[in-house]
Amino acid sequence: VYAQKETSFGVGEWFKFRIHYGIVNAGYATLEVKEATINSEKLFHLVGKGYTTGLSRLFFKVDDRYESYIDKETFIPNQFLRKINEGGYTKNQEGFFIWSTNKILIKDYKHNTEKTFSIPKNTQDILSAFYYLRNFPNIDKIKPGESVAIDLFFDDETTKFKLKFIGRDDIKTKFGTISTMIFRPLVQSGRVFKEQESVTVWISDDENKIPIRIQASLAVGSIKADLDAYKGLKHSFKVKL
């Protein structure tokens, strides 16, 4: 674990994203940083929600909730919750990281099961990974073509998750023109994504490291999420006029 620079976020940070599927406004997602105390330790409590709206809801109902409790200094997760309903596909589970033995206990409430898996040190869950990467040391010094890698636990297995830096660009948003760093998460192709590099993420090139836009090519069509509202940022948000 490394010496900590000034963190890119704090308690009270909140984002809302508008999600488009093709030209349809399909839904919204929110990300929020709260605080919680577990075993007398104060932790960041991360809450992510996604849901479809309007007509999209008739065709494909999504109600997803992800939560993660992470250490305030190392950003290593303590436990997570994943409760999703995607068009009738549901999951309801909690994960408990046991760092003394580098294991994770998964309680599945839908199937009423408990399983334990061995995990590498510093493994992240899907939600904690995003906040961990926003504070990754020297992320500002990364060069195009380079990547950062972490171990990610998802769907009962640990995979290497790589974030490849593409370069910098200014993009137009509802807030004005914003300088961004562009990354491609290297995802395993298959069920959902077309290929390894089908997702692109634009992050504000400032101390906040805010996700401004996310675009993904799916097996059918493409999906785009744009930052729609925000509050509680830790640093000033730089917008070019």
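Calculation rules
Residues numbered from 1 in each chain as written. Predicted model: local features only at pLDDT ≥ 70, side-chain atom pairs only at ≥ 80, totals over all residues. Heavy atoms only, no water. Buried < 20%, exposed > 50% of the residue type's maximum accessible area, 1.4 Å probe, protein only. Helix = DSSP H or I, 4+ residues; strand = E, 2+ residues; numbered from the N terminus. Polar contact = N/O pair within 3.5 Å; in protein donor to acceptor, adjacent residues only side chain to side chain. Pairing = 2+ DSSP bridges. Core = buried A, V, L, I, M, F, W, Y, C linked by side-chain atoms within 4.5 Å. Contact = heavy atoms within 4.5 Å. Phe/Tyr/Trp six-rings, centres within 6.5 Å; stacked < 30°, edge-to-face > 60°. Lys NZ or Arg CZ within 6 Å of the ring centre and 35° of its normal.

(A) Local environment of helix H2 (residues 126–134). The buried fraction of H2 is high, at seven of nine residues. Within H2, burial applies to Leu127, Ser128, Ala129, Tyr131, Tyr132, Leu133 and Arg134. For H2, the capping residue at the N-terminal end is Asp125, with a side-chain oxygen 2.9 Å from the backbone nitrogen of Leu127.

(B) Spotlight on the pairing of strand E2 (residues 24–38). Here strand E1 (residues 14–21) runs beside E2; their pairing, made up of eight bridges, is antiparallel. Looking at E2, one finds that Ile19 is bridged to Gly27. Connecting E1 to the antiparallel partner E2 that follows it, the hairpin turn spans two residues, and Gly22 within it adopts a positive phi of roughly 65°. Joining the antiparallel neighbours E2 and strand E3 (residues 41–52) is a turn of two residues, in which Asn39 adopts a positive phi near 50°.

(C) Expanded view of unusual backbone geometry. Positive phi values are uncommon outside glycine, yet Asn39 reaches one of about 50°. Here Asp155, not a glycine, exhibits a phi torsion of approximately 55°, which is positive. Following the sequence through the fold, Asp155 ends up in the loop between strand E9 (147–154) and strand E10 (157–173).

(D) Geometry of the nonpolar core. Tyr131 and Phe183 are the most contacted members of the largest nonpolar core, which has 45 residues in total. Among residues more than four places away in sequence, those in contact with Phe183 are Ile139, Ile142, Leu163, Lys164, Phe165, Ile166, Val199, Thr200, Val201 and Ile203. Grouped together as the second largest cluster of nonpolar side chains are seven residues, Phe97, Ile106, Phe117 and Ile119 included.

(E) View of the pairing of strand E13 (residues 211–217). Taken together, the five bridges between strand E12 (residues 199–204) and E13 define a ladder with antiparallel strand orientation. Counted as the bridge partner of Ile203 is Pro211 from E13. Once E12 ends, the chain turns through six residues before running back antiparallel as E13, passing Lys209 with a positive phi of about 55°. As judged from the five bridges shared by E13 and strand E14 (residues 222–231), these two strands associate in the antiparallel manner. Residue pairing in the sheet places Ala216 in a bridge with Ile223 of E14.

(F) Quick look at the packing of aromatic side chains. Per the counting criterion, the structure on display carries 14 aromatic pairs. Ring centres of Phe9 and Tyr131 lie 5.0 Å apart, and the angle between their planes is 75°; on these two criteria the pair is classed as edge-to-face. Note that Phe9 is positioned in the segment before E1 and Tyr131 in helix H2, a separation of 122 residues in sequence. On the basis of relative accessibility, which here comes to 0%, the residue Phe9 falls in the buried class. With a centroid separation of 5.0 Å and an interplanar angle of 75°, the aromatic rings of Phe130 and Tyr131 are classed as edge-to-face. Judged by relative accessible area, which is 0%, Tyr131 ranks as buried. Here the aromatic residues Phe9, Phe44, Phe75, Phe130 and Tyr131 are joined through ring pairs into a cluster of three or more. Directly above the aromatic system of Tyr28 lies the positively charged group of Lys16, at a separation of 4.5 Å from the ring centroid.

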